[in-house]
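Now for the letters of each chain:
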Amino acid sequence: MSNTDIFEMDSLCDTEEMEGDMELGMIDEDMVYPEEFLPTYHSIEEGATVNKARLAEFNGKPDSLFFNDGVRRIDYILVYEDEDKKDFDKRHTFQRRKRRREYFEASLMKMGIELEATQSVINDKLLFVKVHMPWDVLCTYAEVLHIKLPIEPNDLSSRPSPWRCLSCITKHFYPDEQLIMKETEFFTAPFDKDRLEYFHVRDKDLFFTAAMRSRMAYYILSRAPYEIRGNTKKFGITKLLDSGVYKAAYPLHDSRFNVKSEEEGSTSERYLLYREWAHPKSFYKMQPLNLIRKYYGEKIGIYFAWLGFYTIMLALAAVVGLVCFIYGYKTQDASTWSKEVCDPAIGGQIMMCPQCDRECIYWRLNSTCEASKKLCIFDNFGTLVFAVFMSIWVTLFLECWKRYQAELEYMWDTVEFLEQDEPPRPEYEAKCTHERKNPVTGVKEKVPYTACGRCLRVSVGIGTVFFWILLILASIVAIIVYRLAAFFAFSAKLRAQDLKELEPLKEYVTPQMATAVTASLISFVVIMILNILYERVAIWITDFELPRTKTDYENSLTLKMFLFQFVNYYSSCFYIAFVKGKVVGFPGHPVYLLGKYRNEECDPGGCLIELTTQLAIIMGGKAIWNNIQEVLLPWVKNLIFRYCTRDASEKVIPCWEQDYRLQPFSQHGLFYEYLEMVIQFGFVTLFVASFPLAPILALVNNLFEIRVDAWKITTQFRRIVPEKAQDIGAWQPILQGIAILAVATNAMIIAFSSDMIPRLVYYWSFSVFPYGNHSNHTMQGYIESSLSIFNISDFSNNSLPMKTLYNITTCRYRDFRYPPGHPMQYEYNVYYWHVIAAKLAFIIVMEHIVYLTKFVLSYVIPDVAYRVKEQIRREKYLTQVILHETNLKLVTRRLKPVDDGTVKFAKVNLTGEEMELDFSQ
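Read on for an overview of the structure. Keep in mind that this is a model prediction, so the values were computed, not measured.

Parameters and conventions
- Residues numbered from 1 in each chain as written.
- Predicted model: local features only at pLDDT ≥ 70, side-chain atom pairs only at ≥ 80, totals over all residues.
- Heavy atoms only, no water.
- Helix = DSSP H or I, 4+ residues; strand = E, 2+ residues; numbered from the N terminus.
- Buried < 20%, exposed > 50% of the residue type's maximum accessible area, 1.4 Å probe, protein only.
- Areas by Shrake-Rupley, 256 points an atom, 1.4 Å probe, with all protein chains shown as cover.
- Polar contact = N/O pair within 3.5 Å; in protein donor to acceptor, adjacent residues only side chain to side chain.
- Pairing = 2+ DSSP bridges.
- Lys, Arg positive; Asp, Glu negative; His and termini not counted.
- Salt bridge = Lys/Arg side-chain N within 4 Å of Asp/Glu carboxyl O.
- Contact = heavy atoms within 4.5 Å.
- Disulfide = S-S within 2.5 Å.
- Core = buried A, V, L, I, M, F, W, Y, C linked by side-chain atoms within 4.5 Å.
- Axes fitted to C-alpha atoms, helices over the stretch in contact; angles between N-to-C directions.
- Left-handed = near helix turned anticlockwise from the far one by under 90°.
- Nonpolar A, V, L, I, M, F, W, Y, C, P; charged D, E, K, R; others polar.
- Patch = residues over 30% accessible without salt bridge, like charges linked within 9 Å, V, L, I, M, F, W, Y side chains within 5 Å.

Before going further, it helps to spend a moment on the overall build of the chain. Scanning the chain for helices and strands turns up 27 helices and 22 strands. Across the 921 residues of the chain, 52% fall into the buried class. On the chain, roughly 44,100 Å² of surface is accessible, and the fraction owed to carbon and sulfur atoms is 59%.

This next bit is on the environment of Trp-337. Looking at the secondary structure, you find Trp-337 in helix α11 (residues 336-342). Accessibility expressed as a relative area gives 6% for Trp-337, which makes it buried. Trp-337 sits 10 residues away from Gly-347 along the chain, and the two C-alpha atoms are 9.9 Å apart. A distance of 3.0 Å separates the side chain of Trp-337 from the side chain of Ser-335, its partner in a polar contact.

Our focus in this paragraph is the sheet that holds strand β4 (residues 114-119). Taken together, five strands build an open sheet; the order of strands is β2-β4-β5-β3-β10 and the sheet is mixed. Whereas interior strands pair on both sides, the edge strands pair on one side only; in this sheet they are β2 (54-55) and β10 (248-250). Examined bridge by bridge, β4 and strand β5 (residues 126-132) share six bridges and lie antiparallel to one another. Note on β5: the bridge partner recorded for Ala-117 is Val-129.

Moving on, we come to the side chain of Glu-657. By secondary structure assignment, the location of Glu-657 is in helix α19 (residues 655-660). Buried charge Glu-657 goes without a salt bridge, the closest partner of opposite sign being Arg-661 at 7.1 Å. Here Ile-122 takes part through its backbone nitrogen, which lies 3.4 Å from a polar atom of the side chain of Glu-657. Residue contacts for Glu-657: discarding those within four places in its chain leaves Ser-120, Val-121, Ile-122, Asn-123 and Phe-128.

This part takes up the state of the cysteines. For the structure shown, the criterion picks out three disulfides. Paired through a disulfide, Cys-342 and Cys-369 show a sulfur-sulfur distance of 1.9 Å. One disulfide, between Cys-342 and Cys-369, carries an S-S torsion of 100° and so falls in the right-handed class. In this pair, Cys-342 sits in helix α11 while Cys-369 sits in helix α12 (residues 369-378), placing the two residues 27 residues apart along the sequence. Assigned by exposure class, Cys-342 and Cys-369 land together as buried.

In terms of nonpolar packing, the biggest core is built from 136 residues, with Trp-306, Tyr-310, Trp-393 and Phe-683 touching the most fellow members. Counting residues per element, this core draws most heavily on helix α10 (residues 298-331), at 14 residues. Apart from residues lying up to four places away in sequence, Tyr-310 is in contact with Trp-393, Phe-397, Met-677, Gln-680, Phe-681, Val-684 and Asn-702. Ranked by size, the runner-up nonpolar core spans 51 residues in total, among them Ala-53, Val-129, Tyr-226 and Ile-237.

It is worth spelling out the pattern of salt bridges at this point. Applying the stated criterion across every chain, the model contains 35 salt bridges. One salt bridge in this structure joins Glu-114 and Arg-72, with 3.0 Å as the shortest N-O distance. With a gap of 42 residues between them, Glu-114 in strand β4 and Arg-72 in the loop between β2 and β3 (76-81) connect regions that are remote in the sequence. Among the ionic pairs, Glu-784 bridges to Arg-812, the shortest N-O distance being 3.0 Å. Here the residue Glu-784 occupies a position in helix α24 (residues 782-786), and Arg-812 occupies one in strand β20 (residues 810-814), the gap between them amounting to 28 residues. A relative accessible area of 42% means that Glu-784 is categorised as partly exposed. In the salt-bridge network here, residues are joined through shared partners; they are Arg-293, Glu-298, Asp-413 and Lys-724.

Once that is clear, we can look at the packing of helix α8 (residues 269-278) against helix α9 (residues 289-296). Contact pair α8 / α9: the axes reach a minimum separation of 11 Å and the direction vectors enclose 145°. Two packed elements cross with a definite hand, and for α8 against α9 that hand is left-handed. Side by side, α8 and α9 meet where Glu-269, Arg-270, Leu-272, Leu-273 and Trp-277 of the first sit next to Leu-291, Ile-292, Lys-294, Tyr-295 and Tyr-296 of the second. Here the contact of α8 with α9 is built from residues that sort into seven nonpolar, no polar and three charged.

Attention shifts here to the packing of helix α13 (residues 381-411) against helix α20 (residues 669-686). Running from N to C, α13 and α20 point in directions that differ by 145°, and their axes come no closer than 10 Å. Across from Met-390, Trp-393, Val-394 and Phe-397 in α13, the residues of α20 making contact are Phe-681, Val-684 and Thr-685. Among the residues making up the contact of α13 with α20, the classes are represented as six nonpolar, one polar and no charged.

Positionally, Met-677 belongs in helix α20. In this structure the C-alpha to C-alpha distance between Met-677 and Ala-698, which are 21 residues apart in sequence, comes to 9.2 Å. Leaving out residues up to four positions away in the same chain, Met-677 has contacts with Tyr-303, Trp-306, Leu-307, Tyr-310, Asn-701, Asn-702 and Glu-705.

This next bit is on a nonpolar patch on the surface. Residues Ile-169, Phe-173, Tyr-174, Phe-283, Tyr-284, Met-286 and Ile-312 make up a contiguous nonpolar surface patch of about 700 Å² in total accessible area. For Tyr-284, the location among the structural elements is in the loop between α8 and α9.

Turning our attention to the environment of Tyr-553. Relative to the helices and strands, Tyr-553 resides in helix α17 (residues 550-578). Here the alpha-carbon distance between Tyr-553 and Arg-425, two residues 128 residues apart in the chain, equals 8.9 Å. Ignoring any residue separated from it by four or fewer positions in sequence, one finds Tyr-553 in contact with Arg-425, Ile-539, Thr-542, Asp-543, Pro-547 and His-668.

In structure tokens:
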């Protein structure tokens, strides 16, 4: 390879007619690519005849996973449309595609990969290229990818389950052990083909699992060159798919999902997964995580492990939340302040001030009777207890998950999965043009940008993200303006009309409720639209930043998407919880937004019920929308495809063609699954003080989500390319950040959005002497004390109601101010300052108690179980003994002791191979 060779990966917007190509990166002989990352790579001389895949007829075995010889296993499938069968007038357009494809396949064969092509039985224009990796190639790339493989059976006895006494009952909640048998556990070590004899190889055909084989095949496909133009080499299956050279590329499912394979020796793992995991009848069973990991890889496995663990933990929160909800429902009729609102002699006699200018009219407090009763369900002492419980629950969830995750890391051989084990992305390799000295190894290496270039890329990304966040905030301001205008309209209409046509719902249709529901629906639609737009922007920004590895890429995209989604989904809830009704002034001197719209007020009982409505609509609407996207769309697409090919339904269709008819799994498919669940996690934790039913709704949704996701990837999608993953990545710190923020938000919701603190202050201080007239602590008279008096003669001309249906001189409004005629009229009274002090004290005390409890729990619960630590140490010891003891023995044999107690070297002839001592591991 010369020092002038150039590697290039086309941009997605490249066209077939482009004559010139931009040179994206110089790679000389000192560069790690391709010698280190593609050890079997051999360039094809320019002008040389390229080898072509051998064409073979379909052998009539629909379940076969082998070439026609029945020996070589299919590791990957490439699908293309035969260019020679195109229309004559268009055939010249596809010749470039053909040249690229033939060169790509010749490059694969040059690297030791074996290919076999078979024509489609449905469409004679389609050809399927079967890819097989021989033993030597597998060994080479297993070492390149640091794949850990078994060296010795695990001799450490497993700890018996504490629930073994209930096994006769619990066994029904686990997959059938006769179908999914427990596999032998092994200690593992990174593969080294020079020490093959130390690995536990019983059968070469089964030593590497199908997931490992397809992972290695994809690694080569994503780096194999497909065109040489001068000194420019273009490579990567991704571009070939985007430009239409290939129509699809995917690993094979091992059987049909609903029928067991008839091939001898087939394990039919897909069929087992469907029967014991994805089938609706198995919704109550635990997930077969080891089989999921074996079939789909660690990345898919860790997602379902996390989702299952989160769902199990939600069960506890759902039970407590349901108890709090039942408590609130049962005690709503016993609430003294609610009774006063509904009492004709109290609430019926209190005339409330108009809540908007001019058009709004005076209204009686008891018109909000039913709303106040419903508010009692959520605004009670049970909610306080539940908020504290959820703050502790989220800590238990995260700490127990880290402990469980450490166990999975050991079981799935990802304990030492470090960044240097992960190869660079092909897109990164293609643009390496600048040379630098590696700060760790000291070796010269190529990077795609200088320090200034990296700073520029990151700055552009940050600026774009902030621009879109500001765009969301602008949309929120627009929705707030709508709320103010809508409330003005609803107040003028609903208070004046009798609403006989809404008789069953008349008592619930208040201006506040009508405004809240319509604004929530509009907010949900805006959220969905902005999501669709921003997804494209976030992917573009991340592509522009050019992260080195796929993990870096996903972490960068995760952070951008979550920051956007956080503002998009939660901003309206933060507005209702902490802004609405807090800065409204008083009837004679209201506060205006943008100098025109009068700020909206909360119900006399607070804004908590409105926040509950907002959460219920967004959570419910989001769940319905996501299920439509995840289930209905793939199913409809597959149904349409099957309908279009119904003429061939009587033919015997090979498994690779059956898989081709399925939907491809999106490159970011798993990312959206995580995002959906983390957003839900935020709703469950950040605002749970206003909606105790959030955990039970999340639980029900997740029970469906697990089976829907399982059904989707098992039956509707092609097999996913397995990927390695140690943990849930950037989602872990995001969850921890949400957990910390949840303590503050729930404390502030109870303090500022609910009426719990003002009621407590009244009960303990203002109901008795010196502020009250009652001899004992009581809630009687609370409504009277929580509503201030306003003299209607003090209305400004802009605020004076146009219609006055009652002969009154004063009206009431929600605040703690001195009455008219007082020396400090309309100023905050002593009750207000007591309430503010109590709210701040409550927030400080609750936060400190909960944070202290979280700290203690984090310290007490270790991240890694002692049993797992023992097994990790045992595995490391065995690795040292088995893989390094040979070299140590070699040194010992070459040393000869003498009588004077010294040691000298014996004169021996050593080969260069024997003198190489590998202590790097």
